Amino acid sequence: MSSPTRPVRVLLVEDDELMRRSFTVALERYGYEMKAAADGLEGLELFRDEDDFDLLILDVMLPGLDGIGLCRRVRETSLVPVLMMSARGDGLDVVAGLEAGADDYVVKPVDTYVLVARIRSLLRRATYAPVPGPGQAPGEKPPAEGEVLVFGDLRVDTGGMEVSVSGSPVALTPTELKLLLEFAAHPGIVLERHTLLRNVWEYGWDGDSRVVDLCVQRLRRKLGRDRIETVRGFGYKLRR
């Protein structure tokens, strides 16, 4: 994540030259430092050569290595926030991108202000910190009491932002971690999809609930399939 001394660095991988230039210029006006690639292999090379990107924006349909494959390759070594862009409205790209490890998606054509809003939301998740308790100054580390939440073999350190299962550390993306923290704050309570969309993804009522369902699936693969229970017709809950 960027430091106060440098702007947020974004890698954009988009094969359409006009769109690539348009997005690059628009996001630079918002203060982002942009690097762009025209295909998936070039994007992967840039990502590996310059491993300090704060966020990746990947088009799904790319020559050579498509955005889904690129996202999977990135996830082999990095938890950097990933935003997918899809030109198809049938949802297949959305599902594939989220299953590959993307944090969020937008459908093209997309207005700049919508793209910037999704970027800002992703970056907030990547720098998420617990809300200070009563009498606690912002930025101050929470007291040791209550920092660690335990649910069977699942251990969630809300101060250190660390998660383990049966003593083994679990690597979560910023979105997966924030989703788990939302569940851990309400153990045994059913959380509706629109509530999770609002609190984790910062969407309003028009958000796509598939992002919740697929992120829950990813959490289950990492934490154990029985840890998060589906309550049909309502949402999900974390088992105590």
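The rules behind these values
- Residues numbered from 1 in each chain as written.
- Predicted model: local features only at pLDDT ≥ 70, side-chain atom pairs only at ≥ 80, totals over all residues.
- Heavy atoms only, no water.
- Helix = DSSP H or I, 4+ residues; strand = E, 2+ residues; numbered from the N terminus.
- Buried < 20%, exposed > 50% of the residue type's maximum accessible area, 1.4 Å probe, protein only.
- Lys, Arg positive; Asp, Glu negative; His and termini not counted.
- Salt bridge = Lys/Arg side-chain N within 4 Å of Asp/Glu carboxyl O.
- Contact = heavy atoms within 4.5 Å.
- pLDDT = per-residue confidence, 0-100.
- Axes fitted to C-alpha atoms, helices over the stretch in contact; angles between N-to-C directions.
- Parallel < 35°, antiparallel > 145°, perpendicular 65-115°, else oblique.
- Left-handed = near helix turned anticlockwise from the far one by under 90°.
- Nonpolar A, V, L, I, M, F, W, Y, C, P; charged D, E, K, R; others polar.

Here we come to the side chain of Asp157. With respect to the helices and strands, Asp157 occurs in strand β7 (residues 154–157). Although Asp157 is buried, it forms no salt bridge, and the closest oppositely charged side chain is Arg155 at an N-O distance of 4.7 Å. Not counting the four nearest positions on each side in its chain, Asp157 is found in contact with Glu147, Val148 and Glu162.

In the predicted model, the protein chain carries a mean pLDDT of 86, and the fraction of residues at 70 or more is 88%. Within the protein chain, helix α4 (residues 92–99) has the poorest average pLDDT of any element, 85, and strand β1 (residues 9–13) the best, 97.

This next bit is on the packing of helix α5 (residues 112–126) against helix α6 (residues 174–184). Contact pair α5 / α6: the axes reach a minimum separation of 8 Å and the direction vectors enclose 70°. One finds that α5 runs roughly perpendicular with respect to α6. Read as a crossing pair, α5 and α6 show a hand that is left-handed. Taking contact as the criterion, the partners of Leu122, Arg125 and Ala126 in α5 are, on α6, Pro174, Thr175 and Lys178. A breakdown of the residues in the contact of α5 with α6 according to their chemical character gives 3 nonpolar, 1 polar and 2 charged.

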